[in-house]
Amino acid sequence: MALKSCNKIDTNTYEIEVTVSPEDFVDAVKKAFMKQRKSIQIPGFRKGKATQGMIEKVYGEGVFFEDALEIVYPEAVQGAIDEAELRVVDQPYDLDVPVMSKDEGVEMKMKLTVYPEVKLGKYTGLKAKYGETEATDEDVENELKNMQERNSRLVTVEDKAAELGNTAEIDFEGFLDGEAFEGGKGENFPLELGSGQFIPGFEDQVVGHKVGEEFDVNVTFPEEYGEESLAGKDVVFKVKINEIKAKELPELDDEFAKDVDDEVDTLDELKEKLKKDISERKEANAKTEFENALIDKVVDKMEAEIPECMNEQKTDELVQDYSYRLQMQGLDLNTYLQYLGQTIEQFKEQFKEGAAKQVKVALALEAIAKAENIEATDEEIEAEINKLAEQYKMEADQIKAAVSEAQLKQDIVTKKAIDFVVDNAKKG
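Quick look at the structure, then. (Residues numbered from 1 in each chain as written. Predicted model: local features only at pLDDT ≥ 70, side-chain atom pairs only at ≥ 80, totals over all residues. Heavy atoms only, no water.)

1. A short note on helix α8 (residues 308-328)
Point 1. Between its first and last C-alpha atoms α8 spans 31 Å; for 21 residues at 1.5 Å apiece the expected length is 30 Å, and the two agree.
Point 2. Within the span of α8, buried status applies to C309, M310, N311, T315, L318, V319, S323 and L326.
Point 3. In this structure, the buried residues of α8 make contact with β4 (105-113), α9 (333-340) and α10 (344-371).
Point 4. Two residues or fewer after α8 comes G330, characterised by a positive phi angle close to 85°. (Helix = DSSP H or I, 4+ residues; strand = E, 2+ residues; numbered from the N terminus. Expected span 1.5 Å × (residues − 1). Buried < 20%, exposed > 50% of the residue type's maximum accessible area, 1.4 Å probe, protein only. Contact = heavy atoms within 4.5 Å.)

2. Brief notes about the state of the cysteines
Point 1. What the rule picks out here adds up to zero disulfides.
Point 2. Here C6 stays unpaired: no disulfide links it, and the sulfur of C309, its closest cysteine neighbor, is 17 Å away.
Point 3. Accessibility expressed as a relative area gives 13% for C309, which makes it buried. (Disulfide = S-S within 2.5 Å.)

3. Some words on the sheet that holds strand β1 (residues 2-10)
The strands that make up a sheet are held in pairs by hydrogen bonds between backbone atoms, and each pair lies either parallel or antiparallel.
Point 1. A sheet is described by the order of its strands in space; here four strands give the open sequence β1-β2-β4-β3, paired in antiparallel fashion. Two strands bound the open sheet, and with one partner strand each, they are β1 and β3 (93-101). This sheet shows a mean twist of 15° between the axes of neighbouring strands, independent of strand direction.
Point 2. Looking at chain direction, β1 and strand β2 (residues 13-20) are connected through seven bridges and run antiparallel. Within β2, the position partnered with C6 by the bridge is I16.
Point 3. Packed on one face of the sheet, helix α3 (residues 65-84) meets β1, β2, β3 and β4 and runs near 55° to β4. (Pairing = 2+ DSSP bridges. Axes fitted to C-alpha atoms, helices over the stretch in contact; angles between N-to-C directions.)

4. Side note on the environment of R153
Point 1. By the secondary structure assignment, R153 is in strand β6 (residues 153-156).
Point 2. Along the primary structure R153 and E308 are separated by 155 residues, whereas in three dimensions their C-alpha atoms are 56 Å apart.
Point 3. If near-sequence neighbours (up to four positions away) are discounted, R153 is found in contact with A246, K247 and E248.

5. A closer look at a negative patch on the surface
Point 1. On the surface, E251, D253, D254, D259, D265, D268, E269 and E272 cluster together into a negatively charged patch.
Point 2. Going through the elements one at a time, α6 (254-260) and α7 (267-301) are the ones with two or more residues in the negative patch.
Point 3. Looking at the negative patch, the element that brings in the most residues is α7, giving three residues.
Point 4. Within the secondary structure, E269 is located in helix α7.
Point 5. Since its relative accessible area comes to 36%, E269 is described here as partly exposed. (Patch = residues over 30% accessible without salt bridge, like charges linked within 9 Å, V, L, I, M, F, W, Y side chains within 5 Å. Areas by Shrake-Rupley, 256 points an atom, 1.4 Å probe, with all protein chains shown as cover. Salt bridge = Lys/Arg side-chain N within 4 Å of Asp/Glu carboxyl O. Lys, Arg positive; Asp, Glu negative; His and termini not counted. Charge placed at Lys NZ, Arg CZ, Asp CG, Glu CD.)

6. A few points about the nonpolar core
Point 1. F290, L294 and V298 are the most contacted members of the largest nonpolar core, which has 36 residues in total.
Point 2. What F290 contacts, discounting residues up to four positions off in sequence, is A128, K129, Y130, V422, A425, K426 and K427. (Core = buried A, V, L, I, M, F, W, Y, C linked by side-chain atoms within 4.5 Å.)

Interpretation in functional terms is not warranted from these geometric data alone.
See the structure below:
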């Protein structure tokens, strides 16, 4: 088995010729016969007892050639690719087999798509905005308000009209041209006024009414409403308010602070802790946005003609990852697509732009790593394994079995390439 020729015929496309010696092909034919002989029966022989020569005499010398080709193909082609030092991104295609016989062996021609050549632009000395990292008093106050909201309770309102923010328990029934329509009725429904749960205009017309009042709400269904018989139609809802509840917020004091965080004793301590936590979050966000902005600049400045199959493969990976996440929630992708009313192709379309971006980023970082001789050391690989083991509560040997060393190396090199770009950049 050998590489006969290798020629670049187009951008990212090579044509190779691969040969298999007569001896190797004859051996593969014998293996194909041994694999199939028990299922072959010819007149005069019990099933599985006919010799290879007799079967070839009856059915022709080439009876086992196709199966023999399948046997020699993987090793022969991979050996030729390795010999040619090509880095392919997809399966060979346009296979042609002009020669296949016991006397001459096998000659195969095929085309290969290879990784694109990447021409890097400027990737050091780049400049990007680094966001604010210090928490402001306003940030702290907003966080305290959110905590108040999360710890609020609803209390019944007596002799007071409903206001935005209140929750009104209502009975309602909808009518179209004087006739009640399906799905338009409810009893003791808790409607938070201003939440946008109901169609536009409904909640505003509940505001101002008191418990026990009965009144009409006149609204128009949106043109894009899912039920065609109601889309764009003017309807009337008969509404009665049974109860009104207002949101009661807890006082911002030391007791509140102790209730929401057992690590503090006073409101001032809570504010200081919040300020520290918010600053850390802002620092992490600023760092991520800074890195992303720099990588975007690197990608914008690089040149590469990327094979479409690379984008397609990445799209399929992203869809598969999404499918795995759905499975963890007890859903399969086909059922999910039925809920969405989408075909798999329509669903994939949503991932294509992101996939193409990820492919470009990966190629750019790989090119930077190569240009800067960035590699992963044994110590770094071992540290990454231990980190993953701790993160997923697994033994190091389990991580090694689940994740290939090549993938770990690639992940480490990618991180180091990003760090290199960041360390050689300027904050704007």
